[in-house]
Structures are given as C-alpha cells and as structure tokens.
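# Observations on the three-dimensional arrangement
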Amino acid sequence: MASGGGSWKGYTLVAATVVVTVLAATGVWNPFPQLWSWISTTGPIAPGARWQQQLGGSPQSISIAGDSVIVEYRTSVEAYGLTAAVKLWSSDADWASIAGKGANAVVVTGRLLTKGYQVLDPSTGTVRRSDTSATAVWTYQDAIVDLSCSGGDDCRLTAWDPRSGEQLWTVGTGGIGFVLDAANPDLPDTRRLSSNRVDDDVAGPPVLPGLLGLPHDGQIRVIDTASGRLVQTVRPDRQQRVAVVGGRVLTITGTAKDGTCYYDVVARNPPGGQVVWRRDGLNLRTADNGSACDQERDPAGGYNVVLGVDPYGREVLINGYDGRTLWYGDKESTVLTLNDTYAVIRKGDQVRGYSFAKDKAVWRLDGRGEVGAALTPYAVIVVSKDRVTALTPSNGAVRADVRTDAKVFAVGPDGMIAASGRDMAYLPFS
C-alpha cells in the first residue's frame, strides 16, 4: 500500500509539471518569473537594515554619491536613491568611479579600449561633461585628472573641477604611451591595507595629493598638482623602487647580501632633489621575502603615511613628508589599516584606534580575535567572521554593531552599504 501511495504522488507531480509547462508554452500563464524570484530571494543581510534591494547581478563596486547609491557591474552602472532604494537611472559602461564629495559628487564612466569618458549627475544620470580623447582617468574629492595622448610621445595631464567641469590646469608630460588606461590605474604611491570583508574603495575618493608620479619606460615623471608643472623625472636603478608619498619622492634601495635584503629609504624634495629624511634598515614591504630583493610592490601605508618594519620585526608608521615616527609597535602588534590621522592596531584579541595627533590610543575593542578594518571619513569599520562594527574614529563610540557576513562596500555620513551575492542593504548608524 505504501508503495502504491508513493507512485500515485509521483504521477500527480509529473502531471502537474506537464500542465504548468503546457500553460507556460502556450502563453496562458507564465509562472517562471515569479517562481525564479521566489527561489532567488534570500533572507535579510543584517538585522535593522533600513532597506534591502535585490540587484540585477553581482556588483563590481558600490559607492555613495550624495543622496544616490551607485552600483557598478561589468558592463553597466545604475543608481538607487539612498533613502528608499528607488531605482533612479541606468547606463551602459565598462567602468565607473566617484569624484567629488557629498552634494558635489559626480559619477565618471567609460568604456574599455575606448578613449574618453563621461561625467554624470548621480541623481539623474544626466551627462554634465564628456571627453573623447582621454585614455586614463583618476578621480579625487577635489579633482578629476585625465591623461590624453596624441601619439606615444605627446601626452598631457589635465585636472578638472568635478562638479563645474572647469579646467584647473594642464601640463605636457612627454611620452607616456598607452600603459595607463581606464579608471584609476595604479601609480607609484602607497598600497592600501585592506580586508576581504571590506571593499578597497570603501573610504571614497581621496584628496588630490600634492605630487603625482606617472610611470613610463623605467622612469617616473613627477607632477606638482598645485601648479600643474612637471617638476622632476626620476629613473631608478634596477635594485631601487620609487614611490611618491606625502609630497616627497621616496627611493627604496634593496641590496642583497648574506642571504637577505638590506634596505635604505631616502626621501627627496623635488625639483632640486634635496634629501629631507633617510632611514637605514627600514623595510617598506616592497619585495617578497628572500634574497633576490626584487621590489615589485608599492610601499604599504595610506595617503601620507608609510608602514615599515625595522630590523627587529617591529612595525613602525612614518610621516612621508618629514620622516617623523608616528607610532612604533612591538613584535606582537599589527597595523590593520591607517590614514593620515589614525591607525587601527591589533594585539592579540584587542583592537585599538591610535591617534597621531594625540600620540596615544583613543579607543579599544576587546575579545575580537581575527579581524579586518578600514578607516573612512565617517567611521572606522571593524569586521570579523559574522560581525560588522562601525565606530567614531576619535573616541570609539559605537555607531552600528550588526551580525552579518556581508561585505561592506561604502560608508556615508549616516550609514553603510553592505552586499552579499546579489543583495545590498543600507545599515543606518544610530
């Protein structure tokens, strides 16, 4: 009897499937969009979210621009309202980046292997300015900087006001070629410390630095961004690496000897090249461990601060402008993230926020174990396996503390955007 009952249920399921298929095929009723929506619907990303929105695909990046949330996919970009996730506009693009800050923010978009870019209003998607010649674009809080080349030996770097589109300056750079393209190609500066639970661009666009270094054919061309002038051209030796940090040109020399690497860091002031500060034995982690001393990475750090390791294995934070030691750790302490004002440091299961101005820790979290962190203008983000905490950088006051395994993509004045799979949510600060 049991076997007969099971067969009857199986026949019924088959018959129902046939009926649904026939109805869908004849156009009488199509259940599949609703069915797929039901299947792909997930639970809440985190408790207390103001809203949660299902996206059309996996996001490449998510940013906050004024009152809009900008979502970048592989071949398109779209915008949602920050208040209630109402879709505002969409556009075809291979890349997107945010320039400006707050109400003056704009969205810069372009196509791969295609010259030019567009500057869009984040609320409407309206084109505010377009360019047809630039091969590379860098976006900052106070400028959009683009590189245009008419032939490999005739290139110009130009800075624009993000919102008004007014040209700030332009300078000829000589031959740069076409090695720099699309949005924010890597320049010889500092390499940000990051966590796999927090997007690399969570802090939003940085301020335009005082000096920019443009790499080409073994040389670094140094541009003064205050005046828009080419102030120096540097050609490092094979055992050297150059980084433009804190308004200085750092030359890191790695010498292989006795089965290890010996490092020397010299900071010079362009255009004359006068030595401002020097550190012997400072490892800026530009090379992998070993005796080859091949420096293939930028120095670790953030903005105007570099992170080094002394010969005894102790981490040290140094002001790139004047060489001052901002913090000197012990062998058990590890810097998780930093900017020009603060560092987040882990020792054991304790996380501390260190203020360079006050020369001391201004907050701490206990019992966190393995964590990652990021510093943004509005909050410090501390992430563990299933928890995200947002703190006020100056005193550690908790702005949000939620249980979630989602990745944090963007932080604004009043909350943060987290995403998991094809879902994103706005987590407000208290």
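In this report, we go over the structure that sits alongside the text. Since we're looking at a predicted model, the values are computed, not measured. (Residues numbered from 1 in each chain as written. Predicted model: local features only at pLDDT ≥ 70, side-chain atom pairs only at ≥ 80, totals over all residues. Heavy atoms only, no water.)

### Some remarks on unusual backbone geometry
Formally: Only DSSP runs of H or I covering at least 4 residues are called helices, and only runs of E covering at least 2 are called strands; the numbering of each starts at the N terminus.
Along the chain, Pro270 connects to Pro271 via a cis peptide bond; the corresponding omega equals 5 degrees. Take Pro271: it is sitting in the loop between strand E21 (260–269) and strand E22 (274–280). Even without being a glycine, Tyr303 presents a positive backbone phi close to 55 degrees. Here Tyr303 shows up in the loop between strand E23 (300–302) and strand E24 (305–309).

### Section: the pattern of salt bridges
Applied cut-off: Any Lys or Arg side-chain nitrogen found within 4 Å of a carboxyl oxygen on Asp or Glu counts as a salt bridge. The buried label applies to any residue whose accessible area, calculated with a 1.4 Å probe on protein chains only, is under 20% of its type's maximum; exposed applies above 50%, and partly exposed to all values in between.
A complete count under the given rule lists 15 salt bridges for this structure. The shortest N-O distance in the salt bridge between Lys87 and Glu78 comes to 3.1 Å. Residue classification places Lys87 among the partly exposed positions, given a relative accessible area of 47%. Glu78 gets classed as buried once you look at its relative accessible area, which sits at 8%. For the salt bridge of Arg192 with Asp201, the shortest nitrogen-to-oxygen distance reads 4.0 Å.

### Quick look at the sheet that holds strand E31 (residues 372–375)
What counts is decided by this rule: Think of it this way: DSSP has to see at least two bridges between two strands before they count as a pair. An axis is simply a line fitted to the C-alpha atoms; with a helix, the fit covers only the stretch in contact. Between two such axes, the angle follows the N-to-C directions and lies from 0 to 180 degrees.
In space, the 4 strands of this open sheet follow the order E31-E32-E33-E34, with antiparallel pairing throughout. Of all the strands in the sheet, the pair left with one neighbour each is E31 and strand E34 (398–403). If you compare each strand with its neighbour and ignore which way they point, the axes differ by 10 degrees on average. Bridge analysis of strand E32 (residues 380–384) against strand E33 (residues 387–391) gives 5 bridges, and the strand direction is antiparallel. For Ile381, the partnering residue across the bridge sits in E33 and is Ala390.

### Description of the sheet that holds strand E2 (residues 61–65)
Read across the sheet, 4 strands follow the order E2-E3-E4-E5 without closing on themselves; strand pairing throughout is antiparallel. Every other strand in the sheet has two partners, leaving E2 and strand E5 (87–92) as the edge strands with one partner each. Here the average twist between neighbouring strands, direction ignored, is 20 degrees. Of the pairings in the sheet, the one linking strand E4 (residues 76–81) to E5 comprises 5 bridges and is antiparallel in character. Its bridge partner being in E5, Ser76 is matched across the sheet by Asp92.

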